[in-house]
2 protein chains.
Amino acid sequence: MKKELTEKQEKVLEFIRKFHTNNAMMPTVREIAKNFKLSIGSVQQHLRALLSKGFLVKRGSLSRGIDFPNRKTFSQVPVLGTVHAGTFLEQIEDASDYIYINTDITRNKQCFALKVKGDSMEPSGIVEGDTIVVSKGEQPSNGDIVVALVDNESAVKMFFKEKGKIFLKSTNPKYPTLSSDDYDIDVVGKLIYLVRQYKG
Amino acid sequence: MKKELTEKQEKVLEFIRKFHTNNAMMPTVREIAKNFKLSIGSVQQHLRALLSKGFLVKRGSLSRGIDFPNRKTFSQVPVLGTVHAGTFLEQIEDASDYIYINTDITRNKQCFALKVKGDSMEPSGIVEGDTIVVSKGEQPSNGDIVVALVDNESAVKMFFKEKGKIFLKSTNPKYPTLSSDDYDIDVVGKLIYLVRQYKG
DNA sequence: TATTATAATATACATTTGTATTTTAGTCAA
DNA sequence: TTGACTAAAATACAAATGTATATTATAATA
């Protein structure tokens, strides 16, 4: 349980958050002072309070050397194309867009993102327009959702392996389950993340 | 088309990218120099090249004052609690977690995030465990998905307004549509974003 | 009452940081 | 050869920045 902040401390912290959001770096003591028309010493005291109460941490005596506790870091993941609408591997070179996701999700995996078309996975919460993040070359377990090339067409399916055979199941029952007996199946990667933007 | 970088310039830029990812701020000239065991002057020249070739831009003569062109910025959105599992507004004070999303999505709206419980919105792609981002106090249109307090219980529903009455519909047909005739309905905000993490 | 926490100011100082200058060297092309 | 670009080093200086100290004032509290 965090200690409570005073009104002014709350405002200072809020300013730091916003500054960090807009500038991707922390403000200096004097930048904070200027914003609130305060003296340097006053800001120092507010920062000291925020530090001792655990709302900020320090990184040595560097410039702009305050930080949020447990601040998350990001990986740039390229959006390579659209899945279940044809091939996408050609487009690897010119990733026109990137999405940013926490490094604790991507870890050290090699990832890329795809836009989803179609309704074959709707019952498991994947709908048209979603952006999915795929971790490349990971061994999927039964029940994992994967991106696969099925006779060179890309698809998002649920993965099953039984007696050496691979099955790709759509959770939408109107699509058939594909078997490695009938198709050339190449699992590209495993779903690790999904984002969806609602138009405002 | 960007001008080409030399091998060394590429490496310096790559270091700056990584440094920024890990520390949420740009490195100083001397931090770069230390990493490559170079002199300050050498780093200055590399930076000058990266600037003139358009891979970096400057923000005045500030400390750590280099930036990526078109860098995306993030908002910290507090995760306040769980929705459709009771009230969550009490927990506003101690947001234990944050998610970070692009400011071009949050714009200047006041936002917060909630974890989803239950299956009442499964057919529209919202499943248990998802984290939804809600924009506070925005006027919803018919068909928008909203977070509302229904007799002080929180819920995620599809919003409709007709002849002054509010209707909250679950896309899952096994739940009834709620009407403002029968319940005290308070729309808290509108869904603008959703993220889902698949366990690896 | 004395104490503590908050809030604010003013000032000084040491360190960090950006910037400018000069010099040396190698490579490549006109 | 000359010129241009890249690479690197060494040094100096000004500006930015973090930090320490002293002082005043107010409100809440034991």
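Structure: above.
The paragraphs below set out a description of the structure included in this document. (Residues numbered from 1 in each chain as written. Chains lettered and ligands numbered in written order. Predicted model: local features only at pLDDT ≥ 70, side-chain atom pairs only at ≥ 80, totals over all residues. Heavy atoms only, no water.)

1. Looking at the protein's contact with DNA strand D
(1) Moving on: Around DNA strand D there are 22 residues in total, and R30(A), R64(A), S39(B), S42(B) and Q45(B) lie nearest to it.
(2) Moving on: Considering the 4 Å shell around the protein, atoms of DNA strand D inside it are sugar or phosphate in 53% of instances.
(3) Moving on: Take K8(B): an N or O atom from its side chain is 2.9 Å from a phosphate oxygen of DNA strand D.
(4) Moving on: Contact distances for DNA strand D include 2.5 Å between a base nitrogen and a side-chain N or O atom of Q45(B).
(5) Moving on: Sorting the residues of the surface near DNA strand D by element identifies α2 (29-36) and α3 (40-52) of chain A together with α1 (7-23) and α3 (40-52) of chain B as the ones contributing at least two each.
(6) Moving on: Ranked by the residues each element gives to the surface near DNA strand D, the list is headed by α3(B), at four residues.
(7) Moving on: When grouped by side-chain class, the residues that make up the surface near DNA strand D number four nonpolar, 13 polar and five charged. (Near = heavy atom within 4 Å. Polar contact = N/O pair within 3.5 Å; in protein donor to acceptor, adjacent residues only side chain to side chain. Helix = DSSP H or I, 4+ residues; strand = E, 2+ residues; numbered from the N terminus. Nonpolar A, V, L, I, M, F, W, Y, C, P; charged D, E, K, R; others polar.)

2. Examining the protein's contact with DNA strand C
(1) Moving on: The immediate surroundings of DNA strand C are formed by 23 residues, with S39(A), S42(A), Q45(A), R30(B) and R64(B) found nearest.
(2) Moving on: A share of 50% of the atoms of DNA strand C within 4 Å of the protein falls on sugar and phosphate groups.
(3) Moving on: Separating a phosphate oxygen of DNA strand C from a side-chain N or O atom of K53(A) is a distance of 3.4 Å.
(4) Moving on: At a separation of 2.6 Å, a base oxygen of DNA strand C approaches a polar side-chain atom of R30(B).
(5) Moving on: For the surface near DNA strand C, the secondary structure elements donating two or more residues are α1 (7-23) and α3 of chain A together with α2 (29-36) and α3 of chain B.
(6) Moving on: For the surface near DNA strand C, the element with the highest residue contribution is α3(A), accounting for four residues.
(7) Moving on: Counted by class, the surface near DNA strand C contains five nonpolar, 13 polar and five charged residues.

3. Observations regarding the pairing of strand β11 (residues 185-197) of chain A
(1) Moving on: Most of β11(A) sits inside the fold, with ten of its 13 residues counted as buried.
(2) Moving on: Pairing analysis gives six bridges linking strand β6 (residues 131-136) of chain A to β11(A), with the strands arranged antiparallel. If you follow K136(A) over to β11(A), its bridge partner there is G189(A).
(3) Moving on: With five bridges connecting them, strand β7 (residues 145-150) of chain A and β11(A) associate as antiparallel partners. By the bridge assignment, L149(A) is partnered in β11(A) with D186(A).
(4) Moving on: Looking at chain direction, β11(A) and strand β11 (residues 185-197) of chain B are connected through five bridges and run antiparallel. Paired with L194(A) across the bridge in β11(B) is R196(B). (Buried < 20%, exposed > 50% of the residue type's maximum accessible area, 1.4 Å probe, protein only. Pairing = 2+ DSSP bridges.)

4. A look at the relation of the copies chain A and chain B
(1) Moving on: Each copy of the sequence occupies a distinct position, and chain A is placed on chain B by a rotation of 179° and an axial shift of 1.8 Å, giving an RMSD of 1.6 Å. Expressed as a symmetry operation, the mapping of one chain copy onto the other fits a two-fold axis. Rotation axis and chain A: the residue whose C-alpha lies nearest the axis is G125(A), separated from it by 1.8 Å.
(2) Moving on: Both copies share a contact surface, since 92% of the interface residues of chain A are interface residues in chain B too. (Least-squares fit on C-alpha atoms with pLDDT ≥ 70 in both. Contact = heavy atoms within 4.5 Å.)

5. Side note on the interface of chain A and chain B
(1) Moving on: Across the contact, 40 residues belong to chain A and 40 residues belong to chain B.
(2) Moving on: For the pairing of chain A and chain B, the buried interface totals around 3,700 Å² over both sides, and the portion due to carbon and sulfur atoms is 50%.
(3) Moving on: Area buried by chain A at its contact with chain B is led by T21(A), F74(A) and Y198(A), which between them contribute 16% of it.
(4) Moving on: At the surface where chain A touches chain B, the tally comes to zero salt bridges.
(5) Moving on: At the boundary of chain A and chain B, one finds 14 residue pairs in polar contact (both at pLDDT 80 or more).
(6) Moving on: The leading source of residues in the side of chain A that touches chain B is β11(A), at eight residues.
(7) Moving on: Of the residues belonging to the side of chain A that touches chain B, the class tally is 19 nonpolar, eleven polar and ten charged. (Buried area = accessible area lost by both parts, 1.4 Å probe. Salt bridge = Lys/Arg side-chain N within 4 Å of Asp/Glu carboxyl O.)

6. Topic: unusual backbone geometry
(1) Moving on: Despite not being glycine, R64(A) has its phi angle at roughly 55°, a positive value.
(2) Moving on: Tracing the backbone shows R64(A) in the loop between β1 (57-58) and β2 (66-67).
(3) Moving on: On the accessibility criterion, R64(A) (4% relative accessible area) is buried.
(4) Moving on: Of note, K37(B) is a non-glycine position whose phi angle comes to about 55°, a positive value.
(5) Moving on: Position of K37(B) relative to the elements: it lies in the loop between α2 and α3.

7. Observations regarding the environment of M121(B)
Residues and elements named next belong to chain B.
(1) Moving on: Considering the arrangement of structural elements, one finds M121 in the loop between β5 (111-116) and β6 (131-136).
(2) Moving on: Of the residues examined, M121 reaches a relative accessible area of 2% and is grouped as buried.
(3) Moving on: M121 sits 111 residues away from E10 along the chain, and the two C-alpha atoms are 47 Å apart.
(4) Moving on: With residues near it in sequence (within four places) discarded, M121 still touches I126, I145, V156, K157, M158, K169, S170 and T171.

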